[in-house]
Amino acid sequence: MKNLIHTIHEMKTFLLLWSTQSFSGLGSAMTSYALVIWSYSQRGSALMTALLMVSSYAPYVLLSIFAGALSDRWNKKRTMLVCDSMAALTTVVMLLLLRNDALQIWHLYVINGINGLMNTVQQPASEVATTRVLPEKYYQRVGGLKYFSSSLNSVMTPIIATAVMGMAGMGAVVAFDLFTFFTAFLVLAFGIRIPEHTKEAEAHEKLLVSTKKGLAYLKKEQGIFHLILFLASINLVASIYDAAFPAMMLSRNGGSEKVLGLVNTVIGITTFSGSLLAAFLKAPKSRVRVICGCLLFSMSTENFLLAFGRTPLVWCLGGFLGWIFIPLMSTNLDAILRLHVPLEMQGRVYSVRNSLQFFTIPIGYFLGGFLVDQVFEPVMAAQSRGSLLVKLFGCGKGSGAAFLFLILAFAGIGVCLYFQRDRQIWKLEE
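The shown structure was predicted, so the numbers you read here are calculated from the model rather than taken from an experiment. (Residues numbered from 1 in each chain as written. Predicted model: local features only at pLDDT ≥ 70, side-chain atom pairs only at ≥ 80, totals over all residues. Heavy atoms only, no water.)

Moving on, we get to the side chain of Thr-270. Note that Thr-270 resides in helix H11 (residues 257-280). Engagement of the side chain of Thr-270 in a polar contact is seen with the backbone oxygen of Val-266, the distance being 2.8 Å. Thr-270 has contacts with Gly-319, Phe-320, Trp-323 and Ile-324, leaving out every residue within four places of it along the chain. (Helix = DSSP H or I, 4+ residues; strand = E, 2+ residues; numbered from the N terminus. Polar contact = N/O pair within 3.5 Å; in protein donor to acceptor, adjacent residues only side chain to side chain. Contact = heavy atoms within 4.5 Å.)

Here it is in structure tokens:
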């Protein structure tokens, strides 16, 4: 008991920051969930819905390489407050458009683009802030706690968002989002102190020079660089999955908004359980082995069950198998980066990492929406009732997305097996 109290005391600043930011994240996730359903109901297009995420990730990917250099020079707390405030302002604009029955999908593209830009600068500042308020011995635990909050939000988001939308409409969801923002803002502004250790020379360092230092570090540390390429490849497969998933759940025989919420809830409970496991497990002997093994298991299970499954029970089982070990993977990935990258370089390295690791996400979302609408759905619509493809994936809208999941299963397995043999990544164990 004394050890627990001592641990909480040492982590109290991080716990306060983590809990309030996670609460704000719940509000943002509810709004995003509601907008996916709203946009798909407007057009019935997987591509139009996927473009919501493309518009959010595009500025994040394009400008992240410079954001870390700025983050290392700027006050972390002020940076987080300003970025969060700008994101909240766009949410207010969206609420006003919604209340006046003037909200259109292109408005959401613009709003998501601005939010993506704010997140570009805020994310590396938040990562460095976490490192500065947390003792090194808790790095393994913090990865699990972050995934714990993420998975808890995944559980609560479809439940609360669906309930609030049913009782009070989407405007109430957005209003709750704003409430969570103000709570997190006030706590960060007046209740948390984040140490600043930026050296005077670094503060006046030119932006391009700072950015080049981040690139030079990755050029020298080939293990970290190859690990980032591994995750970039996984992100491509995963973002195609993310684009096709709601299209299949909302349109396939046996699917609906409730089924989408059910499967998302199961995924959330699964990651919640996995994050508890990750938070309390001791550091493994081989973090690289854990990362490779967890991703291979995920890619080898969920996509096959989504492809061939015809009922919510099978889809839920796929969600469980696909996500149970992802928190453990993420925890060890986070620990590798924090332990290998010097503190004074983390903002710059994380920002370059973001550009390289996440540039495949908007590409994947676009490809996912395009492939569902323009390739796989038309292919399935052209099949005769007795064809092999119809026997495997069924017929009607959503069967094309199921076909795509089979392709994603083999693509994900291939990526994992290729990088599992990368010697540079295994050198991180030395």
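As enumerated under the stated definition, the model contains 16 aromatic pairs in all. Pairing Phe-304 with Phe-410 gives two aromatic rings, centres 5.4 Å apart and planes at 90°, and the pair type is edge-to-face. Of this pair, Phe-304 sits in helix H13 (residues 302-308) while Phe-410 is found in helix H19 (residues 399-419), placing the two residues 106 residues apart along the sequence. Judged by relative accessible area, Phe-410 falls into the exposed class, the value being 55%. Put simply, the rings of Phe-308, Phe-376, Phe-393 and Phe-403 touch in pairs and so form one group of aromatic residues. (Phe/Tyr/Trp six-rings, centres within 6.5 Å; stacked < 30°, edge-to-face > 60°. Buried < 20%, exposed > 50% of the residue type's maximum accessible area, 1.4 Å probe, protein only.)

A few words now on a nonpolar patch on the surface. Taken together, Phe-359, Ile-363, Phe-366, Leu-367, Phe-370, Val-375 and Val-379 make up a surface patch of nonpolar side chains, about 520 Å² in accessible area. Classification of Val-379 by relative accessible area gives partly exposed; the value is 32%. (Patch = residues over 30% accessible without salt bridge, like charges linked within 9 Å, V, L, I, M, F, W, Y side chains within 5 Å. Areas by Shrake-Rupley, 256 points an atom, 1.4 Å probe, with all protein chains shown as cover. Salt bridge = Lys/Arg side-chain N within 4 Å of Asp/Glu carboxyl O.)

A positive phi angle, close to 55°, is found at Asp-101, a residue other than glycine. Mapped onto the fold, Asp-101 is located in the loop between helix H4 (76-99) and helix H5 (105-133).

Glancing now at the state of the cysteines. Under the definition given, this model contains zero disulfides. Not part of a disulfide, Cys-416 finds its nearest cysteine sulfur in Cys-292, a span of 7.5 Å. (Disulfide = S-S within 2.5 Å.)

With that settled, the discussion passes to the side chain of Thr-90. For Thr-90, the position within the fold is in helix H4. Residue classification places Thr-90 among the buried residues on the basis of a relative accessible area of 8%. Here Ala-87 takes part through its backbone oxygen, which lies 2.6 Å from a polar atom of the side chain of Thr-90. Excluding its chain neighbours within four sequence positions, the residues that come into contact with Thr-90 are Ile-111, Ile-114 and Asn-115.

So, about the environment of Phe-403. If you trace the backbone, Phe-403 turns up in helix H19. On the basis of relative accessibility, which here comes to 16%, the residue Phe-403 falls in the buried class. In this structure Phe-403 touches Phe-376, Val-379, Met-380, Leu-389 and Phe-393, once residues within four positions along its chain are discounted.

Don't take any of this as a statement about function, it's just geometry.
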